[in-house]
Amino acid sequence: MTLKNYGKEKVMAKQYERPLVNKIDPASTSKLGVSPKHNLPKKEDIDGVSVDELTKNHGSPLFVFSEKKIKEKYNDAYAAFSSRYENVQFAWSYKTNYLKGICALFHKMGSIAEVVSDFEYEKARALGIPGSDIIYNGPYKPFDSLVVAIEEGARIHIDNFGEILDIKKAAQKVGKPARVAIRINLNAGTTHQWSRFGFNLENGQAKEAIEQLAIMPEMNLTGLHTHIGTFMMDPHAYQVATKKMVSFFNEVEEEFNLTLEYLDMGGGLPSLSHLKGVYQPPEIAIPTVEKYAEIICNEMKNIKSQTPPMLIMETGRHLIDEGGTLVTSVVADKLLPDGRRSYVMDAGVNLMYTATWYNFKMEASCDVEGKAEPSIINGPLCMNIDVINEFIMLPRLERNTKLLLSPMGAYNITQSMQFIRYRPAAVLVTEDGETLVLKKAEDLEAVEFSEELPLRLRLKNEA
């Protein structure tokens, strides 16, 4: 880069970049076959709060959650089910996002807790959720946690035969029967059957488990549960699953002279995320929540019990994903040998675990326009796999440009890694425009809080 004299002024010449010929994906060009002039969608605020103000006060990157959007998704989904079936209960899936503020918001709206570990069970109890309002799922439940769950009246969903013996012993220790259901896996016509979890329906495992539980005084069988998968884009799979579960529900009640309290159909309903390999936009490719509710609730009406049992839905992703946004800033860019422009962001796969499966919606907090060029969005990690979007047509982005990536509410917080960089803050923008801190940004003290440095390993100059 050199200085050139023009009259009395010295002007900095732009750095030379050699021209490259690139193969352009036809899907990214206009009908004229040339790269179109591209305006990156602009979004200056989140529910009325300026993106610049948010990052000024809380830093970049930053997770931002919208109370308005979360409530909107919850109310729409609950109305879809409760308007079609008279006894519906939502259970908030802690593994989807277990920030205390997010969990508390869903509990305030009426959800009970669905947890899959002793850690998540403790989080729910620490929030003030009684054991009787906790569903304890998961393939591994430590014995001591089973004792606590039985004492507190939690619904324990049994995953395997060995767990039946553990619960029996725990119930004997507590001196009262456990409140249990069994998790069932089944063939719902999907490509990948989730056979790892629970007892199989078709080969008789589920029936065998019921037979064991029915003769144990330590067990109080209260329900049945299935969860057929995640991001299920075919509502028909739920029709098959619910039909099979309702048939088995009727069989269990009749053959074993039992009155079951509930049927838990799990979660797996998709959000408006753009799944890689799906070419239609999510607004077209993803069925509405009403379609899932219609199918499930219609089948529930075939249960023969005099009193309709409770329908429990463990919906997580569908309710929270679109309520979350990650604000991230451009920190560098360079031209790669293959002709793509690489943008380095201050957030990477350490914070966006779901980048493996989804292409996020991308918006800018300021005006960004110009001729689009082949680009790749990378994170800040010293790893070649830190890729957010491998090929995208973008106009030139200046350093410090803030991008808003969404949907980002599901699984990214819970699966984020403390790797190379500190994890950022998370805030909630309330319906009245207030910004509440849900999680502070990490620092060295937070990261090393549980570490110990033995005396013999300490350096002489250590403070």
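Note that this is a predicted model, so its numbers are computed, not measured.

K.L.:
Can you help me understand the overall build of the protein chain in this one?
P.N.:
Of regular secondary structure, the protein chain possesses twelve helices and 26 strands. Principal-axis analysis of the C-alpha atoms places the extent of the protein chain at approximately 100 × 70 × 45 Å. Buried positions account for 50% of the 463 residues belonging to the protein chain. Long-range contacts, defined as pairs at least 24 residues apart, comprise 68% of the intrachain contacts of the protein chain with a sequence gap of at least 6. Taken as a whole, the protein chain presents about 23600 Å² of accessible surface, with 50% of it coming from carbon and sulfur.

K.L.:
Help me out: how do you make sense of the nonpolar core in this one?
P.N.:
One broad trend across soluble globular proteins is that nonpolar side chains are buried collectively. In this structure, Phe65, Phe81, Ile182, Leu224 and Leu311 are the most contacted members of the largest nonpolar core, which totals 110 residues. Among the elements that make up this core, the one with the highest residue count is helix H8 (residues 235-255) (eight residues). With sequence-adjacent residues up to four places away left out, Ile182 is seen in contact with Ile158, Phe199, Ala206, Ala209, Ile210, Leu213, Leu221, Gly223, Leu224 and His225. Among the nonpolar cores identified, the runner-up in size contains eleven residues, and Val64, Val327, Val427 and Val429 belong to it.

K.L.:
What is the right way to read the side chain of Asn137 from this model?
P.N.:
Structurally, Asn137 can be placed in the loop between strand E9 (134-136) and helix H5 (143-151). At 3.0 Å, the side chain of Asn137 and the side chain of Glu114 are in polar contact. In contact with Asn137, not counting residues within four places along its chain, are Glu114, Val115, Val116, Ser117, His157, His225 and Glu314.

K.L.:
Just checking my understanding: could you explain the packing of H8 against helix H10 (residues 289-300) for this structure?
P.N.:
Two measures define how a pair of helices packs: the angle their axes make with one another and the distance between the axes. Between H8 and H10, whose axes approach to 9 Å, the crossing angle comes to 15°. In terms of orientation, H8 lies roughly parallel with respect to H10. The interaxial crossing formed by H8 with H10 has right-handed handedness. Residues Pro235, His236, Tyr238, Gln239, Thr242, Lys243 and Val246 of H8 lie in contact with H10, whose contacting residues are Lys291, Tyr292, Ile295, Ile296, Glu299 and Met300. Of the residues in the contact of H8 with H10, the class split is seven nonpolar, three polar and three charged.

K.L.:
I tried to follow the pattern of salt bridges on my own but got confused; where do I start?
P.N.:
Where charged atoms of side chains with opposite charge meet at close range, the side chains can pair. If you walk through the whole model with that rule in mind, you get 20 salt bridges. Here Lys141 and Glu163 are joined by a salt bridge, their closest N and O atoms 2.8 Å apart. Of this pair, Lys141 sits in the loop between E9 and H5 while Glu163 is found in helix H6 (residues 161-174), placing the two residues 22 residues apart along the sequence. For the salt bridge of Asp338 with Arg340, the shortest nitrogen-to-oxygen distance reads 2.8 Å. Through salt bridges with shared partners, a single network forms among Asp333, Arg341, Glu373 and Arg396.

Thresholds, definitions, all that
- Each chain carries its own residue numbering, running from 1 in the written order of its sequence.
- pLDDT decides what is reported in this predicted model: residues at 70 or higher carry local features, side-chain atom pairs at 80 or more are listed and counted, and totals for whole chains, interfaces and linings draw on all residues regardless.
- Based on all heavy atoms of the structure, the side-chain values leave hydrogens and waters out of the count.
- Under the DSSP-based scheme used, a helix requires at least four consecutive residues in state H or I and a strand at least two consecutive residues in state E, with every element numbered from the N terminus.
- For the exposure calls, accessible area comes from a 1.4 Å probe over protein chains only, and a residue counts as buried if that area is under 20% of its type's maximum, exposed if over 50%, partly exposed in between.
- Here, two residues are considered to be in contact whenever any of their heavy atoms come within 4.5 Å of each other.
- The method behind every accessible area is Shrake-Rupley, applied with a 1.4 Å probe, and residues are considered shielded solely by the protein chains displayed.
- We call a set of buried residues a nonpolar core when its members are Ala, Val, Leu, Ile, Met, Phe, Trp, Tyr or Cys and they connect through side-chain atoms within 4.5 Å of each other.
- Contacts described as polar in this section are N or O atom pairs within 3.5 Å, which, within protein, must combine one atom able to donate a hydrogen with one able to accept it, while residues neighboring in sequence count only if both atoms come from side chains.
- The axes are straight lines fitted to the C-alpha atoms, using for helices just the contacting stretch, and the angles between their N-to-C directions are given from 0 to 180°.
- For classification purposes, an angle smaller than 35 degrees is called roughly parallel, one larger than 145 roughly antiparallel, one from 65 to 115 roughly perpendicular, and anything else oblique.
- Crossing handedness: left-handed means the near helix sits turned counterclockwise from the far one by under a right angle, and right-handed means the same turn made clockwise.
- Amino acid classes used here: Ala, Val, Leu, Ile, Met, Phe, Trp, Tyr, Cys and Pro are nonpolar; Asp, Glu, Lys and Arg are charged; the rest, including Gly, are polar.
- Just to be clear on terms, a salt bridge is a Lys or Arg side-chain nitrogen sitting within 4 Å of an Asp or Glu carboxyl oxygen.

On their own, these measurements won't tell you what the molecule is for.
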